[in-house]
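Architecture and fold: a report
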Amino acid sequence: MSTITIKLIGTSPLLMHNNQCVDPLNKFKKEIAKITGKRKKTEADYLELYRLEFMAGLYIGAEGPFIPSRCFRRCLIEGAKKDKNGKRFETSISVLTDGILQYDGPRDAKSMWESGEFHLTTVVGNQRNSIMRTRPKFDVWACRFDLYFDDSDLNLQDIESALERSQKLGICDGRAIEYGAFEATVLAPVAV
């Protein structure tokens with residue numbers, strides 16, 4: 001096994017969408033359901049709904065917002081598929097840690113919401129309906145992560161090719177509408 005550190009620098013804004021509200025027992029899901037269940041919603045209800053969607057959509061830990069390791073892995077696999085290497089990457093790579101997001105601004109969810117700079121509320125399609133959705137958004141961002149790979153199956157050129165292909169595909173939410181694009185740099189390969 002080998003490991004390399006990869007740095008991503010955003011070339012388009014990043015949208016997050018933590019899908020934790022799929023769980024009917026999730027605290028945000030329950031709070032959102034209280035509002036969406038109302039027949040007549042007030043302006044205050046809509047504003048609270050947007051705030052709750054932002055909070056639920058954010059990946060955040062003790063050090064602030066982050067991109068989950070599974071997102072990096074999936075991004076690389078999708079890039080590798082362009083070279084017909086998707087299956088090799090699925091069995092030969094691992095990302096063990098999340099990538100702490102680097103950006104200018106507050107690191108806690110409440111302050112991020114209150115600043116008004118870290119969310120996007122827009123119309124999205126939901127089956128045949130158009131509805132409003134709010135997602136965490138970072139206009140200028142960067143992060144880094146460590147990639148472990150089986151060097152008997154993949155080499156640095158394979159990794160760099162997958163990264164090059166995945167840069168335009170993007171990472172996290174809104175990739176189809178050009179959010180999450182990045183430039184990638186491989187830093188300091190280290191043998192494990």
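Residues numbered from 1 in each chain as written. Predicted model: local features only at pLDDT ≥ 70, side-chain atom pairs only at ≥ 80, totals over all residues. Heavy atoms only, no water.

Where empty space is left becomes clear once a probe the size of a water molecule has been rolled over the atoms. Counted under the stated rule, the structure contains one cavity of 30 Å³ or more. Roughly 30 Å³ of internal volume is contained in the largest cavity. Around the largest cavity, the lining residues are Leu8, Phe72, Cys75, Leu76, Phe145, Leu163, Ser166, Ile171 and Phe182. Of all elements in the fold, only helix 3 (69-81) and helix 6 (156-169) reach the threshold of two or more residues within the lining of the largest cavity. When residues in the lining of the largest cavity are grouped by element, the largest group, three residues, is from helix 3. In terms of residue class, the lining of the largest cavity is built from eight nonpolar, one polar and no charged. (1 Å grid on protein atoms, 1.4 Å probe; cavity = no way out; pocket = protein on both sides within 12 Å on 5 of 7 lines; lining within 4 Å. Points joined across faces, edges and corners; volume = space filled by probe spheres on them. Helix = DSSP H or I, 4+ residues; strand = E, 2+ residues; numbered from the N terminus. Nonpolar A, V, L, I, M, F, W, Y, C, P; charged D, E, K, R; others polar.)

To continue, consider the layout of surface pockets. In this structure, the largest pocket encloses a volume near 310 Å³. Around the largest pocket, the lining is made up of 14 residues, and of these His17, Cys21, Ile32, Glu53 and Arg133 lie nearest the centre. Going through the elements one at a time, helix 1 (27-36), helix 2 (43-57) and strand 8 (129-138) are the ones with two or more residues in the lining of the largest pocket. Among the elements that take part in the lining of the largest pocket, helix 1 stands out by supplying four residues, more than any other.

One non-glycine residue, Cys172, adopts positive backbone phi at about 70°. Relative to the assigned elements, Cys172 resides in the loop between helix 6 and strand 10 (182-191). A positive phi angle is found at Glu178, which is not glycine, with a value near 70°. Relative to the helices and strands, Glu178 resides in the loop between helix 6 and strand 10.

Our next topic: the nonpolar core. Across soluble globular proteins, nonpolar side chains show a tendency to be buried alongside one another. Membership of the largest hydrophobic core comes to 47 residues, with the highest contact counts inside it found for Ile67, Phe138, Trp141, Ile159 and Ile171. If near-sequence neighbours (up to four positions away) are discounted, Ile159 is found in contact with Ile4, Ile6, Leu76, Phe89, Ile93, Leu147, Phe149 and Leu154. (Core = buried A, V, L, I, M, F, W, Y, C linked by side-chain atoms within 4.5 Å. Buried < 20%, exposed > 50% of the residue type's maximum accessible area, 1.4 Å probe, protein only. Contact = heavy atoms within 4.5 Å.)

The interhelical angle for the contact between helix 1 and helix 2, taken along N-to-C directions, is 160°, at an axis separation of 10 Å. One element, helix 1, and the other, helix 2, form an angle in the roughly antiparallel class. Read as a crossing pair, helix 1 and helix 2 show a hand that is left-handed. Where helix 1 abuts helix 2, its residues Phe28, Glu31, Ile32, Ile35 and Thr36 lie against Asp45, Glu48, Leu49, Leu52, Glu53, Met55 and Ala56. Residue composition of the contact of helix 1 with helix 2, grouped by class: seven nonpolar, one polar and four charged. (Axes fitted to C-alpha atoms, helices over the stretch in contact; angles between N-to-C directions. Parallel < 35°, antiparallel > 145°, perpendicular 65-115°, else oblique. Left-handed = near helix turned anticlockwise from the far one by under 90°.)

All right, on to the packing of aromatic side chains then. If you walk through the whole model with that rule in mind, you get six aromatic pairs. Residues Phe54 and Trp113 carry aromatic rings whose centres are separated by 5.4 Å and whose planes lie at 40° to one another, so their mutual orientation is tilted. With Phe54 in helix 2 and Trp113 in helix 5 (residues 109-115), this residue pair connects regions lying 59 residues apart in the sequence. (Phe/Tyr/Trp six-rings, centres within 6.5 Å; stacked < 30°, edge-to-face > 60°.)

This paragraph deals with the side chain of Thr3. Its location among the elements puts Thr3 in strand 1 (residues 2-10). A distance of 3.2 Å separates a polar atom in the side chain of Thr3 from the backbone oxygen of Leu147. (Polar contact = N/O pair within 3.5 Å; in protein donor to acceptor, adjacent residues only side chain to side chain.)

With that settled, the discussion passes to the pattern of salt bridges. Enumeration over the complete set of coordinates arrives at twelve salt bridges. A salt bridge links Asp45 to Lys38; the nearest nitrogen and oxygen atoms lie 2.9 Å apart. Asp45 gets classed as buried once you look at its relative accessible area, which sits at 10%. Overlapping salt bridges, with partners in common, bring together Arg74, Glu78 and Lys81 in one network. (Salt bridge = Lys/Arg side-chain N within 4 Å of Asp/Glu carboxyl O.)

Another aspect to go through is the environment of Thr121. Mapped onto the secondary structure, Thr121 falls in strand 7 (residues 119-126). In this structure, the C-alpha to C-alpha distance between Thr121 and Lys137, residues 16 residues apart in sequence, is 9.6 Å. Here Thr134 takes part through its side chain, which lies 2.8 Å from a polar atom of the side chain of Thr121.

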